[in-house]
Amino acid sequence: MSAAHHHGGGTVAGISVVICVYTEDRWEDILAAVSSVRAQSLAALETLLVVDHNVSLLDRLGKEYKETEGVRVLANAGPRGLSAGRNTGIAASSGEIIAFLDDDAVAERDWLRHFAEGYADPKVFAVGGRTMPVWESRRRPAWFPEEFDWVVGCTYKGLPEGRVRVRNVLGGNASFRRTAFEAAGGFATGIGRDGDKRPLGCEETELCIRLTRARPDAILLIDDRAVIHHRVPAAREQFRYFRTRTYAEGLSKALVARSVGADKGLESERRYATRVLPAGVGRGVRDALLARPGGAGRAGAIVAGVVTAAGGYVLGSVRARRSGASFSVVGIGTDADGEGAAA
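Just so you know, these numbers come straight off a predicted model, no measurement behind them.

Rules behind the numbers
Residues numbered from 1 in each chain as written. Predicted model: local features only at pLDDT ≥ 70, side-chain atom pairs only at ≥ 80, totals over all residues. Heavy atoms only, no water. Helix = DSSP H or I, 4+ residues; strand = E, 2+ residues; numbered from the N terminus. Buried < 20%, exposed > 50% of the residue type's maximum accessible area, 1.4 Å probe, protein only. Contact = heavy atoms within 4.5 Å. Areas by Shrake-Rupley, 256 points an atom, 1.4 Å probe, with all protein chains shown as cover. Salt bridge = Lys/Arg side-chain N within 4 Å of Asp/Glu carboxyl O. Pairing = 2+ DSSP bridges. Phe/Tyr/Trp six-rings, centres within 6.5 Å; stacked < 30°, edge-to-face > 60°. Core = buried A, V, L, I, M, F, W, Y, C linked by side-chain atoms within 4.5 Å.

Scanning the protein chain for helices and strands turns up nine helices and eleven strands. Each of the 343 residues in the protein chain was classed as buried or not, and the buried ones make up 52%. In the protein chain, the share of contacts with a sequence separation of at least 24, taken over all contacts with a separation of at least 6, comes to 78%. For the protein chain, the accessible area works out to roughly 15,200 Å², and carbon and sulfur atoms hold 53% of it.

Set out below in structure tokens:
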């Protein structure tokens, strides 16, 4: 199989897919994720499974894929957490494009093909996709507003449709040109998720903003035809998780705003807070007045989500000011002390 695939104008040399994994609890999910990559209409160059400081999972996956061509299992070479795992995958990969897939998601057959098409334009440095929730209870909880699907790692209502330019892509369903990491460095450690701790996100937001600073001409896209289906466990269908996650988002956003400036750090959020959310509250209230199930709950959840995220943001800003920004950026393929990219 040749590594180069031709797409109209541009040729994209192979895509490496990185899947970061950390727990044996997701064994079946991990196998399903890998299978979905192996079934792509545009074959991946390789699939890299990066195991986050879990020896028994590393061994078990090593045995599982020992005979499988194109699947490599490796250990996270950095500190515990998703960012260092992704950086390990980037450094070990050989594709010109590096795609990331969540360990509890499956990609549709044309996922990589749609990513590849975006890179026909040499100014495109990142292409993200659409992430659909698969609720463990089989259906969306009536109170859960679509505007807040980002809480469970999915594409939320209010994002534009089709193939559009965005400020940032979302990490569980995204791809980057290798040169993006050469220009901007890798994912920052210290703001991202770490298996069991508070679910801080935003590391891809911060990377994307850093990338557009390093390369002001860089175009970042989301193509909603590049679809993955992401499992939402029952625990995350609870209002308690919703509150924890929106609060954590506020905290992370404060770190990002401190790192890159509130104007850049919050421009998408401002549009979301002033347009998308009020419309959602209006729909919820209307549904409540029409006695449709969950309307009042959705309106209430949006308001609660805004209040907790704002609280997290305020507290995070105060903390960040007191302690200075608390995350670091490592250049890919440089020593751990080569943190020049965090300028």
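So that's the structure; there's more coming.
Before going further, it helps to examine the pattern of salt bridges. Where side chains of opposite charge bring their charged atoms close, a pairing between them can arise. Here the structure, examined in full by the defined rule, presents 23 salt bridges. Note that Glu117 is salt-bridged to Arg225, the shortest N-O span being 3.6 Å. Residue Glu117 is found in helix α4 (residues 111–118), and its partner Arg225 is found in strand β11 (residues 219–232); the two are separated by 108 residues along the sequence. A relative accessible area of 22% places Glu117 in the partly exposed class. Between Asp223 and Arg163 there is a salt bridge, with the nearest N and O atoms lying 3.5 Å from each other.

Each regular strand shows side chains that alternate between the opposite faces of the sheet. Burial analysis of β11 places eleven of its 14 residues in the buried class, the great majority of the element. Relative to β11, strand β7 (residues 105–107) is paired through three bridges, and the arrangement is antiparallel. Each residue of the ladder has a partner; that of Val106, found in β11, is His229. As paired strands, strand β8 (residues 124–135) and β11 are joined by ten bridges and run parallel to one another. The residue bridging Arg130 from the neighbouring strand is Val227, located in β11. Pairing between strand β9 (residues 163–165) and β11: three bridges, direction antiparallel. Within β11, the position partnered with Arg163 by the bridge is Asp223.

Okay, the packing of aromatic side chains next. Under the counting rule described, the total for this entry stands at 14 aromatic pairs. Note on Phe100 and Phe176: the rings are 6.2 Å apart at their centroids and 70° apart in plane angle, and the pair reads as edge-to-face. Highlighted residues: Phe100 in strand β6 (residues 97–101) and Phe176 in strand β10 (residues 173–177), separated in sequence by 76 residues. In this pair, the class of Phe100 matches that of Phe176, namely buried. Ring centres of Phe144 and Phe242 lie 5.6 Å apart, and the angle between their planes is 80°; on these two criteria the pair is classed as edge-to-face. A residue pair is termed long-range when its members are at least 10 positions apart, and Phe144 in the loop between β8 and β9 and Phe242 in helix α7 (residues 239–260) qualify at 98 residues.

Mapped onto the fold, Tyr313 is located in helix α9 (residues 295–323). On the basis of relative accessibility, which here comes to 24%, the residue Tyr313 falls in the partly exposed class.

Counting residues in each nonpolar core, the largest one holds 34 residues, and the members touching the most others are Val17, Ile19, Leu49, Leu61, Leu101 and Trp111. In terms of residue count, helix α1 (residues 27–38) provides more of this core than any other element does, six residues in total. Not counting residues within four places of it along the chain, the set of residues in contact with Val17 comprises Val37, Ala44, Glu46, Thr47, Leu48, Ala99, Leu101, Trp111 and Leu112. One finds Leu74, Ala126, Phe176 and Leu211 within the second-largest nonpolar core, a separate group that totals 25 residues.

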